[in-house]
Amino acid sequence: MSSRFCHCSSLHFILALFVFGSMSSISADENEDPTIKTMEAFAGYPIHESNSFVTDFVSSLSVDTQTLQNQIDELSTFSDTPAPSVTRILYSEKDVLARRYIKNLMGLAGLSVREDAVGNIFGTWTGDEPELPPVATGSHIDAIPYSGKYDGVIGVLGAIEAINVLKRSGFKPKRSLEVIMFTSEEPTRFGISCLGSRLLAGSETLANNLMSTVDGQNTSFLDAARSAGYANNLDDLSSVFLKKGSYSAFIELHIEQGPILEEEGTSIGVVTAIAAPASIKIDFEGNGGHAGAVLMPNRNDAGLAAAELALAVEKHVVESGSIDTVGTVGILELHPGAINSIPSRSHLEIDTRDIDEKRRNIVIEKIHQSATTIANNRRVRLSEFKIINQDPPALSDKLIIEATEAASKELNLTHKKMISRAYHDSLFMARGSPMGMIFIPCYKGYSHKPEEFSSSQDIANGVKVLALTLAKLSLY
């Protein structure tokens, strides 16, 4: 490595020119641009002479792909189901072991590590001006049952490696850089998605509800958290809340979870917006009975009510007229669940999403109307229609988009702007700081299944773009 990379103040200045030059519209004719003239006067020499310095810095960004892949593989062994699947549920024994593994890697990267009351983990690389709001990156490592080993994980292990990449290059940040491992992005155990980032965003409603929330085995959230070493002696989770502006920027690296980048042969997706998600719980109650003895005209079948509503969800989504509107009946449970017994109760959990919040809300209202009509027609009771969450979309920050695009170009990687139809912790981090996301391709768009895969080269490309974007944002 060239010795000049050790001269941090020079590197700061050259990269500052590099950052602002690549992220703003500057005339092609440098001699006529007053901004360029001002910079040259301040620098004492023509800016174009620093190009080789910047080129050297970019070319010095090297990802240890083998070590990173080994870490991905090792983390996947902390699972309650056999390979190639991964199951890692919030506050379980495997989750606690995985958390320990992440904290160890943060320590090895020279980051100072802390945790909050619900287990959000923060690893900080202190910058030259630590009083400035830091730049943050990160994702999650919890995994739904029988899923894959890349979802979320790339954004945590990749972020730690991005820090290592910058350190190996000799870079020193002005703003501190922070890696966050968010608690429970998946809703598996308590039915709450993005639990950690929602609390960081200051959700008082969630903080209060968690005081009485239980899982499917009737274990309370607080008891589960305490079993994992968190929330000790706490009856108030507001200590987790972050003040608005705590971070100058937040950016998350993630697999696309869709097929577009792979199909188009594009290396990097620059996320411009995250779709608005909503979740609904619905219960029907009818009369059970023997499958042979109760004649069809006399039935009050809660199972058929649920089936009819599932089809109504599809109908309302399709009738929205937009490809961006989606709806999924992800859970449908019947009681008592015997082949020769008419269902007396049914339970559905429905996921609806759209980049247009108003259009999504219209679909939700139509689902509610259908549920009421179906209950009346089938002579069953709609005992619950509960909207669990109804979140607005989030827009990526223009500066972060530009920084990510510039980084992709400087690394000679193809990129495209795109919408995230899946939602992530970034959706909630956007409530308190400027936000952006970087997507990398994944095999056939597969995610939340064992076949989930991203190549080492695609992961390395994403880590490099993340590292260079973090460098730009840290100097802003």
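What counts and how
Residues numbered from 1 in each chain as written. Predicted model: local features only at pLDDT ≥ 70, side-chain atom pairs only at ≥ 80, totals over all residues. Heavy atoms only, no water. UniProt positions renumbered as here; feature names shortened; annotations may be inferred. Helix = DSSP H or I, 4+ residues; strand = E, 2+ residues; numbered from the N terminus. Buried < 20%, exposed > 50% of the residue type's maximum accessible area, 1.4 Å probe, protein only. Contact = heavy atoms within 4.5 Å. Areas by Shrake-Rupley, 256 points an atom, 1.4 Å probe, with all protein chains shown as cover. Salt bridge = Lys/Arg side-chain N within 4 Å of Asp/Glu carboxyl O. Axes fitted to C-alpha atoms, helices over the stretch in contact; angles between N-to-C directions. Parallel < 35°, antiparallel > 145°, perpendicular 65-115°, else oblique. Left-handed = near helix turned anticlockwise from the far one by under 90°. pLDDT = per-residue confidence, 0-100. Pairing = 2+ DSSP bridges. Phe/Tyr/Trp six-rings, centres within 6.5 Å; stacked < 30°, edge-to-face > 60°. Lys NZ or Arg CZ within 6 Å of the ring centre and 35° of its normal.

Going by an unreviewed UniProt entry, the chain carries the name Ureidoglycolate hydrolase and comes from Xanthoceras sorbifolium. Within the UniProt record for the chain, the comment given under Cofactor (unreviewed entry) is "Mn(2+)". As recorded by UniProt, the Subunit (unreviewed entry) comment attached to the chain reads in full: "Homodimer."

J.: Before we move on, could you go through the overall build of the chain and cite the residues and values that matter?
T.: Helices and strands together make up the secondary structure of the chain, namely 15 helices and 17 strands. Across the 476 residues in the chain, those meeting the buried criterion constitute 52%. Counted over contacts in the chain with a minimum sequence separation of 6, partners at least 24 positions apart contribute 79%. Only carbon and sulfur atoms are counted for the fraction: they give 51% of the accessible area of the chain, which is about 20,300 Å².

J.: A description of the pattern of salt bridges should follow, citing residues and the corresponding values.
T.: Under the criterion given, the structure shown has 18 salt bridges. Notably, a salt bridge pairs E308 with R378, separated by 2.7 Å at the nearest N-O pair. Placement of E308 in helix 11 (residues 302-318) and of R378 in the loop between helix 12 (357-377) and strand 14 (381-390) is noted, with a sequence separation of 70 residues between them. For E308, a relative accessible area of 33% gives the class partly exposed. With a closest N to O distance of 3.9 Å, E357 and R360 form a salt bridge. Placement of both E357 and R360 in helix 12 is noted, with a separation of three residues, approximately one turn of the helix. On the basis of relative accessibility, which here comes to 31%, the residue E357 falls in the partly exposed class. Counted as one network, the salt bridges with shared partners bring together R198, D391 and R431.

J.: For the environment of L157, give the residues involved together with the corresponding values.
T.: Its place among the elements puts L157 in helix 6 (residues 153-169). In this structure, the C-alpha to C-alpha distance between L157 and I102, residues 55 residues apart in sequence, is 7.8 Å. Setting aside residues up to four positions removed in sequence, L157 forms contacts with L68, Q71, I72, L75, I102 and L105.

J.: Now, about the side chain of T213: what can you tell me, with residues and values included?
T.: Along the polypeptide, T213 turns up in the loop between helix 8 (204-209) and helix 9 (221-227). Here T213 falls in the buried class, since its relative accessible area comes to 15%.

J.: Account for the packing of helix 5 (residues 93-108) against helix 6, with residues named and values stated.
T.: Orientation of helix 5 relative to helix 6, taken along the N-to-C sense of each, is 15°, at an axis distance of 10 Å. In terms of axis orientation, helix 5 runs roughly parallel to helix 6. Judged by the twist between their axes, the crossing of helix 5 over helix 6 is left-handed. Listed contacts from helix 6 to I102, L105 and M106 of helix 5 are V156, L157 and I160.

J.: Please provide a residue-by-residue account of the confidence of the model for the chain, values included.
T.: Within the chain, residue pLDDT values average 91, and 89% of them lie at 70 or more. Counting interchain partners and residues more than four positions distant, the pLDDT-below-50 stretch residues 38-49 has 13 contacts.

J.: Talk me through the sheet that holds strand 14; I want residue IDs and the actual numbers.
T.: Adjacent strands of a sheet form backbone hydrogen bonds with each other and so pair up, either parallel or antiparallel. Read across the open sheet, the four strands follow the order 11-13-9-14; overall the sheet is antiparallel. Lying at the two open borders of the sheet, with one neighbouring strand each, are strand 11 (326-335) and strand 14. The mean inter-strand angle of the sheet, taken between neighbouring strand axes irrespective of direction, is 15°. On the sheet, helix 11 packs against strand 9 (276-285), strand 11 and strand 13 (345-354) and is oriented at approximately 10° with respect to strand 13.

J.: Could you give an account of the packing of aromatic side chains, with specific residues and numbers?
T.: Where two aromatic rings form a pair, the distance of their centres and the angle of their planes describe that pair. Per the stated rule, a full pass over the model turns up nine aromatic pairs. Look at Y91 and F221: their rings are 5.8 Å apart centre to centre, the planes differ by 55°, and that puts the pair in the tilted class. Here Y91, found in the loop between strand 1 (86-88) and helix 5, pairs with F221, found in helix 9; they are 130 residues apart in sequence, far enough to count as distant. Of the residues examined, F221 reaches a relative accessible area of 0% and is grouped as buried. The interplanar angle of 80° and the centroid separation of 6.5 Å between the aromatic rings of W125 and F171 together place this pair among those described as edge-to-face. Pair noted here: W125 is in strand 3 (residues 121-125) and F171 is in the loop between helix 6 and strand 6 (177-182), with a separation of 46 residues, a long-range link. Both residues of the pair, W125 and F171, belong to the buried class. Grouped by ring-pair contacts, the aromatic residues Y91, F190, F221 and Y230 constitute a single cluster. Directly above the aromatic system of W125 lies the positively charged group of K167, at a separation of 5.1 Å from the ring centroid.

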